[in-house]
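# Structural features, examined
Read off the chains here:
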Amino acid sequence: MAFLGDSDAASDGSRQFPQHQAALTILQDIAANPQHSKARWLDLGCGRGQILHHLSHNLDSESRAKIHYCGIDVNHLHVRETERVAQGLELAGQEVRVAELHDAVMMLKEPSRFDFITLTNTTHELAPRALASTLIASVCLLSESGRFFAYDMERLPTPELGAVAWRAEEIRRILECVCRSLDAPEFKAACSRWQHQSCTSWSIQLNKRYVATTNSPSEQMIENATAVALVTMASIIQAKLEEVQGILEAITLGHQGETLDEEEERSRLLYDYWSLSRALELVQ
Ligand SMILES: C[S@@+](CC[C@H](N)C(=O)[O-])C[C@H]1O[C@@H](n2cnc3c(N)ncnc32)[C@H](O)[C@@H]1O
């Protein structure tokens, strides 16, 4: 599977989401560093450029003039839209590519390193191998003082076919396993949970200043990190599947007519059951 058919790159130009605000606050700090004349930003799964929508209000022109933006998304319509949004921002540079995050580790062959890497609202859409590749690339593509920011929901407000919504602790476990196999065992992911009206979400940060990871891991290290990430994901997905299965069984046995909420919950569990079964097949 290349990507999720049920992808929902929702875009609401009238409001700014907290995850995008959080990311841009980090970018503001990076761009304010007087020792750096440019700030290279890689936006993985950039979607329709949602994170850029309010940039002209969020950052002053001096900060924007330092930013080289590189967006990547598998959907060419999203990429075109991101290009359009970026064009009006008077950035130092922009490059928006159609690419598959499954191949993100291939970027390690390029000389570019990034001061800021974002991965917002995208992990739930990635198949296990693409998630492994994306996390490995994110750790290794950071510049010496680079920062990685990822954000996603633990439970989607509306179920999407094939989506696996990771919990904060699960994503932390996967990322820490990746870092250990990349020779950065000292890395402890800064991970937070956020309660919103319609969902609970998580954010995770990595600051390369705190990590001694080599910038050029060998192919063997990348292979090991991928294998470790996949084994970790397989065990997490298996546990999630058993949890969903248990609840579905309890509902089936005690079935005596449902309220609307219970019906909605059952439909959500069936979505989860299908997505997790499929993810388990893909991870093995
Ligand atoms: C929900 S949108 C998030 C967009 C944006 N980052 C945001 O914060 O709103 C997820 C994006 O990830 C992209 N995507 C999903 N799977 C992908 C993959 N395997 N490779 C590259 N992009 C992918 C989708 O096309 C979609 O644009």
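Summary of the structure given here. All values derive from a computational prediction rather than experimental measurement.

## Here's the deal with the overall build of the protein
Looking only at helices and strands, the protein has eight helices and seven strands in total. Taking 284 residues into account, the globule formula puts the C-alpha radius of gyration at 19 Å, and the protein, at 19 Å, falls close to it. Taken along its principal axes, the extent of the C-alpha atoms in the protein is 65 × 45 × 30 Å. Here the protein holds 284 residues, and the buried ones make up 42% of them. For the protein, the share of sequence-separated contacts (at least 6 apart) that also reach a separation of at least 24 residues comes to 84%.

## Let's talk about the nonpolar core
Counting residues in hydrophobic clusters, the biggest one holds 72 residues, and the most contacted among them are Trp41, Ile117, Leu135, Ile136, Val139, Leu141 and Val178. The element that contributes the greatest number of residues to this core is helix H5 (residues 128-140), accounting for eight residues. When residues of this core are assigned to domains, at least three map to each of domain 1 (18-217) and domain 2 (236-283). Those residues in contact with Ile136, other than ones at most four positions away along the chain, are Val105, Val178, Ile222, Ala225 and Thr226.

## Focus: H5
Under the 1.5 Å per step criterion, the end-to-end length of H5 is 18 Å for 13 residues, consistent within 8% with the ideal 18 Å. Counting buried positions over the 13 residues of H5 gives 12, a clear majority of the element. Every buried residue of H5 is listed here: Pro128, Ala130, Leu131, Ala132, Ser133, Thr134, Leu135, Ile136, Ala137, Ser138, Val139 and Cys140.

Criteria and thresholds
- Residues numbered from 1 in each chain as written.
- Predicted model: local features only at pLDDT ≥ 70, side-chain atom pairs only at ≥ 80, totals over all residues.
- Helix = DSSP H or I, 4+ residues; strand = E, 2+ residues; numbered from the N terminus.
- Rg over C-alpha atoms; globule rule 2.2 N^0.38 Å.
- Buried ≥ 20, exposed ≤ 12 C-beta atoms within 10 Å, placed from the backbone.
- Contact = placed C-beta atoms within 7 Å.
- Core = buried A, V, L, I, M, F, W, Y, C linked by C-beta atoms within 7 Å.
- Domains from an automatic or database assignment.
- Expected span 1.5 Å × (residues − 1).

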